[in-house]
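Breakdown of the fold
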Amino acid sequence: MLRDPSGNAYYEAGSGAPLVLLHGVGLDAAMWLPVVERMAKRHRVIAPDLPGHGGSPAPPADATLSFYADRVAALLRHLGVERTGVAGFSMGAMVAQRLALDHASSVSRLALVCAVHDRPPEAKLAVRTRALATAIRGVAPSVPAALERWFTPSFAAKRPDVVEAVRTTLLGNDPIGYLRSYAIFAQADEELAKDVGRIDVPTLIVAAEEDSGSTPQMAHALRAGIRDSRVVVVPGVRHLLPIEAPDRLARLLDDFFLEGTG
């Protein structure tokens, strides 16, 4: 891993048109490696550890979603990248949207993978209850249920090593950084729902058919809010689509981002 002047860690591989990959809450840049392996031949892939994750320092107590987007923008300036495609997964999709809103000149195309959008009341209650439980009890008690939501039983049975690696990442999080990040993840969809109509770049929205937290219904509602957008639903996978179906996702991303380089 490399570091920018602020001490935030990032991974870089490949050559070609730049592409930024933003991970989900509780994870780190390594979650993208199965996709990076398939895309680095035609893209300069940049995958940061977001604040409070992996090798990056914790965000301040008063951090907002814009703080995360600002950190990504600062990394792009450090790397001399003026304009780039951006793909975000889960919380990373929230950061990607905020980046496209707050730093519009930096973003050429946007891919939102398993993105939460304007949660219904029962989903808001569930995620905020998890945030409160994490604040009281720590990360560990929530991990088994998270892994069940994130992986299909068939994949978990076939690749226990991958599931175990994700478990290790979740348990290895800095408690303060994770809690501050999860608190933003639990609420930022409301903020973004009011603003997505201002996103003005071509946008690909990718949903997992069996994802209970960022559902295909949310993907279609998000598409209705972003003018130049389309939806693809990948069948037979749950939330961690980039890990369960990296071939399918890499093809979708590759085709979409290369459209903008012709």
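Residues numbered from 1 in each chain as written. Predicted model: local features only at pLDDT ≥ 70, side-chain atom pairs only at ≥ 80, totals over all residues. Heavy atoms only, no water.

With respect to the pattern of salt bridges
Test applied: A carboxyl oxygen of Asp or Glu within 4 Å of a side-chain nitrogen of Lys or Arg is what we treat as a salt bridge. Secondary structure counts use DSSP, requiring at least four H or I residues in a row for a helix and at least two E residues in a row for a strand, with both numbered from the N terminus. Relative accessibility decides the category of a residue: with a 1.4 Å probe and only protein chains considered, values under 20% of the type maximum give buried, values over 50% give exposed, and everything between is partly exposed.
Applying the stated criterion to the full structure yields 17 salt bridges. The partner of Arg 38 in a salt bridge is Asp 247, with the nearest N and O atoms 2.3 Å apart. Remark: Asp 247 occurs in helix α11 (residues 246-259) and Arg 38 occurs in helix α1 (residues 33-39); sequence separation between them is 209 residues. Salt-bridge contacts for Glu 210 lead to Arg 238; the nearest nitrogen and oxygen are separated by 3.9 Å. A residue pair is termed long-range when its members are at least 10 positions apart, and Glu 210 in the loop between β7 (203-208) and α9 (216-225) and Arg 238 in the loop between β8 (229-234) and α10 (241-244) qualify at 28 residues. The class for Glu 210 is partly exposed, based on a relative accessible area of 37%.

Here's the deal with the environment of Arg 137
Tracing the sequence through the fold places Arg 137 in helix α4 (residues 121-137). A residue is classified by how much of its surface remains accessible, and Arg 137, at 58% relative accessible area, is exposed. Sequence spacing of Arg 137 and Val 162 is 25 residues, and the spatial spacing of their C-alpha atoms is 25 Å.

A few points about the nonpolar core
Applicable threshold: Side-chain atoms within 4.5 Å are what join buried Ala, Val, Leu, Ile, Met, Phe, Trp, Tyr and Cys residues into a set we call a nonpolar core. Whether two residues are in contact is decided by their heavy atoms: any pair within 4.5 Å suffices.
Ranked by internal contacts, the top residues of the largest apolar core, which has 93 residues, are Trp 32, Leu 110, Leu 112, Phe 151, Val 166, Leu 240 and Leu 253. Residues within four places of Leu 253 in sequence aside, it is in contact with Trp 32, Val 35, Met 39, Ala 87, Ala 111 and Leu 204.

Regarding empty space enclosed by the protein
Empty space among the atoms becomes visible once a probe the size of a water molecule is rolled across them. The following threshold applies: Cavities and pockets were defined on a 1 Å grid built from protein atoms only: a cavity is a group of points that admits a 1.4 Å probe but offers it no way out, a pocket is an open group of points flanked by protein on both sides within 12 Å along at least five of seven lines, and a lining residue is one with an atom within 4 Å of any such point. Grid points are joined across faces, edges and corners, and a volume is the space filled by probe spheres set on the points. Each residue receives one of three labels: charged for Asp, Glu, Lys and Arg, nonpolar for Ala, Val, Leu, Ile, Met, Phe, Trp, Tyr, Cys and Pro, and polar for the others, Gly being one of them.
Taken as a whole and assessed by the stated rule, the structure comprises one cavity of 30 Å³ or more. Approximately 80 Å³ is the volume attributed to the largest cavity. Lining the largest cavity are 13 residues, and of these Asn 8, Pro 48, Asp 49, Arg 71 and Leu 75 sit closest to its centre. For the lining of the largest cavity, the element with the most residues is helix α2 (residues 65-79), which contributes four residues. Classifying every residue of the lining of the largest cavity gives eight nonpolar, two polar and three charged.

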